[in-house]
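Residue-level listing of the chains:
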Amino acid sequence: MSCAFFPAVSGEILVGNKSADTVWRLSLEDGRKLGEFPTQPGPHEIVVSHDGATALVANYGTGDKPGHTLSVLDLRGSAAPRIIDLGRHGRPHGLRFLPGDREALATTEASQHLLRVDIASGKIVAEIALGAGKGHMVAVAADGKTAYVTKVDRGTVSRIDLSTNAKTDEVDAGKGAEGIAVRPGSGEVWVSNREADSVTVHDPRTLAIRDTLPSPGFPIRVVFTADGRQALVSNARAATLSVFDAKRKKSLATVELTRADAQYRDTMLGRAALPIGVIADPKRPRVYVAISGGDEIAVIDRKTWKPVAQWKTGREPDALALSLGGK
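Keep in mind the model is a prediction, meaning the values are calculated, not measured.

Asks: Help me understand the overall build of the protein chain, please; the structure alone is not making it clear to me.
Replies: Counting secondary structure elements, the protein chain contains 0 helices and 30 strands. Expected size for 327 residues packed as a compact globule is a radius of gyration near 20 Å; at 18 Å, the protein chain falls within 12% of this value. With 327 residues in all, the protein chain has 61% of them scored as buried. Across the protein chain, 43 positive and 38 negative side-chain charges occur, with their mean positions spaced 2 Å apart.

Asks: Honestly, the environment of G277 in this entry has me stumped. Any pointers?
Replies: Assignment of secondary structure puts G277 in strand β26 (residues 275-280). Linking G277 and P317, residues 40 residues apart in sequence, is a C-alpha distance of 8.1 Å. In this structure, G277 is in contact with R221, Y288, V289, A290, D318 and L320, ignoring residues within four places of it in sequence.

Asks: Just checking my understanding: could you explain the packing of aromatic side chains for this structure?
Replies: In this description, an aromatic ring pair is defined by two values, namely the gap between the centres and the angle between the planes. Considering all chains together, one arrives at 2 aromatic pairs under this definition. Considering the side-chain rings of W190 and F224, the 5.2 Å spacing of their centres and the 85 degrees angle between planes classify their relative orientation as edge-to-face. Of this pair, W190 sits in strand β17 (residues 189-193) while F224 sits in strand β20 (residues 219-224), placing them 34 residues apart in sequence. For F224, a relative accessible area of 11% corresponds to the buried category. Looking at K33, its charged tip hangs above the ring of W24, at a distance of 3.8 Å from the centre.

Asks: How should I be thinking about the sheet that holds strand β8 (residues 92-97) in this particular structure?
Replies: The strands making up a sheet associate through hydrogen bonds between their backbones, and the pairing can be parallel or antiparallel. Within the open sheet, the 4 strands sit side by side as β8-β9-β10-β11. Their pairing is antiparallel. Of all the strands in the sheet, just β8 and β11 (124-129) have a single pairing partner and so form its edges. Taken pair by pair, the neighbouring strands of this sheet meet at an average axis angle of 20 degrees, ignoring direction. When strand β9 (residues 103-108) meets strand β10 (residues 113-118), the two strands line up antiparallel, connected through 6 bridges. Within β10, the position partnered with L105 by the bridge is R116.

Asks: Help me out: how do you make sense of the sheet that holds strand β5 (residues 54-62) in this one?
Replies: In spatial order, the strands read β4-β5-β6-β7; together these 4 strands make up an open sheet with antiparallel pairing. On the outer flanks of this sheet lie β4 (43-48) and β7 (82-85), each paired with one strand and no other. On average, each strand axis in the sheet is tilted by 25 degrees relative to the strand beside it, whichever way the strands run. Alignment of β4 against β5, held across 5 bridges, turns out to be antiparallel. Bridged to V48 within β5 is A55.

Asks: Help me understand the pairing of strand β1 (residues 12-17), please; the structure alone is not making it clear to me.
Replies: Regular strands place side chains that alternate from one sheet face to the opposite one. Within β1, 6 of the 6 residues are buried, which leaves it mostly tucked inside the rest of the structure. Burial along β1 is two-sided: the face carrying E12, L14 and G16 and the face carrying I13, V15 and N17 are both buried. Of the pairings in the sheet, the one linking β1 to strand β30 (residues 317-323) comprises 5 bridges and is antiparallel in character. Bridge pairing in β30 links I13 to L322. Taken together, the 6 bridges between β1 and strand β2 (residues 22-27) define a ladder with antiparallel strand orientation. The partner of I13 across the bridge, within β2, is L26. Between β1 and β2, which pair antiparallel and follow one another directly, the connecting turn spans 4 residues, one of which, D21, has a positive phi of 55 degrees.

Calculation rules
Residues numbered from 1 in each chain as written. Predicted model: local features only at pLDDT ≥ 70, side-chain atom pairs only at ≥ 80, totals over all residues. Heavy atoms only, no water. Helix = DSSP H or I, 4+ residues; strand = E, 2+ residues; numbered from the N terminus. Rg over C-alpha atoms; globule rule 2.2 N^0.38 Å. Buried < 20%, exposed > 50% of the residue type's maximum accessible area, 1.4 Å probe, protein only. Lys, Arg positive; Asp, Glu negative; His and termini not counted. Charge placed at Lys NZ, Arg CZ, Asp CG, Glu CD. Contact = heavy atoms within 4.5 Å. Phe/Tyr/Trp six-rings, centres within 6.5 Å; stacked < 30°, edge-to-face > 60°. Lys NZ or Arg CZ within 6 Å of the ring centre and 35° of its normal. Pairing = 2+ DSSP bridges. Axes fitted to C-alpha atoms, helices over the stretch in contact; angles between N-to-C directions.

Note that all results are geometric; they support no functional claim without further evidence.
In structure tokens form, the structure reads like this:
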């Protein structure tokens, strides 16, 4: 399908292809491939610096071979990807840049830590113990002073004080707590609980649950539109995207992501579309969803909440990130 009716704005979307060990660069104009970066095995998450110049990739590893590196990608020049070795800290997954872009946070499931990493030197500047369970995804408050980490195996969310580099709280969220995001303008912490088929909304200071919203079908990621008005939840088993009015805590739409004419392959949830990564474009009325079982991105029109295009990716797309100052 054509996306010609969308305004022409520069930028690109980065796609982590887990089974191909690559990150593809796709034009936000029409999804054409602009290039690709090699990664180390199992690129699971991607984040882009606030200035749009650098991307970080968590190389999780595959099977019984845990990864222990981050890839640093140059989005503005021609430098080859640089590798940051995390040493004893294996299975890096969740990533976030801190304000200023000098440091980033990375969860490491194998060592049960949240790391603060200096990007320029590649050195670990703080090792924050998370306790029992595997810290999976991480989100950061707008002021950069607090981080929040989910643990799928324990169904919890933790609060980390970045001024002292210590965990202060850990509370139940829901079974299979995985996706996490801080709602812009409010500080609320939203968690998608994949086995509980729910999204919980937490107080940013106490982590007390303020609201619980149903999101059936293995809700695996939660993100917000740039203005914080809408929450987007990818439901992996149901192959849907739940759209919520984030202020009113009400459902707005459910977007069906399975295509009748598509050929899907076997995934961790059977032969299925398996949507995972999701991101909202702050400059266009679009949402992008990685269809892991179909090796494509679904492009969704936010005005109608309907898919309007499919863009080809590499094998098993998962993580998505935007660079709005791209080529």
